[in-house]
Amino acid sequence: MTDPDRPVGSLTLAVRRAGRLLCWSLATAMATAAVDITASPHTGWWHTLWPLPWYLTCASAAAWAALRAREKSTGGGRRDPLSEQDVRTDWDQAA
């Protein structure tokens, strides 16, 4: 978990935004699929509209994966791994 007082780089912000887009587009895709199954709208535009969130989900998943891989390869803003002492401190603080 990142420290809220620590400055966040632009790559980390991009990863967060892509992750949020992925979650919201997946939720929208599931909702539109549920409406398509239960209500079966017979309007012409519905058959064009309901698959769009699924396409956005695929695109945002690919973008998130690429950005996250890039973030991990650059170190994600953290140069040194957590030591055993840091892990205990974070765990004790959370508890």
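Just above sits the structure.
Analysis parameters
Residues numbered from 1 in each chain as written. Predicted model: local features only at pLDDT ≥ 70, side-chain atom pairs only at ≥ 80, totals over all residues. Heavy atoms only, no water. Axes fitted to C-alpha atoms, helices over the stretch in contact; angles between N-to-C directions. Helix = DSSP H or I, 4+ residues; strand = E, 2+ residues; numbered from the N terminus. Parallel < 35°, antiparallel > 145°, perpendicular 65-115°, else oblique. Left-handed = near helix turned anticlockwise from the far one by under 90°. Nonpolar A, V, L, I, M, F, W, Y, C, P; charged D, E, K, R; others polar. Patch = residues over 30% accessible without salt bridge, like charges linked within 9 Å, V, L, I, M, F, W, Y side chains within 5 Å. Areas by Shrake-Rupley, 256 points an atom, 1.4 Å probe, with all protein chains shown as cover. Salt bridge = Lys/Arg side-chain N within 4 Å of Asp/Glu carboxyl O. Buried < 20%, exposed > 50% of the residue type's maximum accessible area, 1.4 Å probe, protein only. Expected span 1.5 Å × (residues − 1). Polar contact = N/O pair within 3.5 Å; in protein donor to acceptor, adjacent residues only side chain to side chain.

(A) A look at the packing of helix α1 (residues 10-38) against helix α3 (residues 52-74). Where α1 meets α3, the axes come as close as 8 Å, and the angle between the chain directions of the two elements is 155 degrees. Here α1 is positioned roughly antiparallel relative to α3, judged by the angle of their axes. For the element pair α1 and α3, the recorded crossing hand is left-handed. Considered class by class, the residues forming the contact of α1 with α3 number 16 nonpolar, 8 polar and 3 charged.

(B) Inspection of a nonpolar patch on the surface at higher detail. On the surface, W45, L49, L52 and Y55 cluster together into a nonpolar patch covering about 470 Å² of accessible area. Relative to the helices and strands, L52 is located in helix α3.

(C) Representation of the pattern of salt bridges. Per the stated rule, a full pass over the model turns up 1 salt bridge. Of the charged contacts in the structure, one is a salt bridge between E71 and R68, with a shortest N-O distance of 2.4 Å. In this pair, E71 and R68 are both assigned in helix α3, 3 residues apart and thus about one turn of the helix distant. For E71, a relative accessible area of 6% gives the class buried. Owing to a relative accessible area of 29%, R68 belongs among the partly exposed residues under this scheme.

(D) Looking closely at α3. When the terminal C-alpha atoms of α3 are compared, their 33 Å separation across 23 residues agrees well with the 33 Å that a helix rising 1.5 Å per residue should span. The complete set of buried residues in α3 reads P53, T57, S60 and E71.

(E) Focus on the environment of S73. Tracing the sequence through the fold places S73 in helix α3. Accessibility expressed as a relative area gives 55% for S73, which makes it exposed. Reaching out from S73, the side chain makes a polar contact with the backbone oxygen of R70 at a distance of 2.8 Å.

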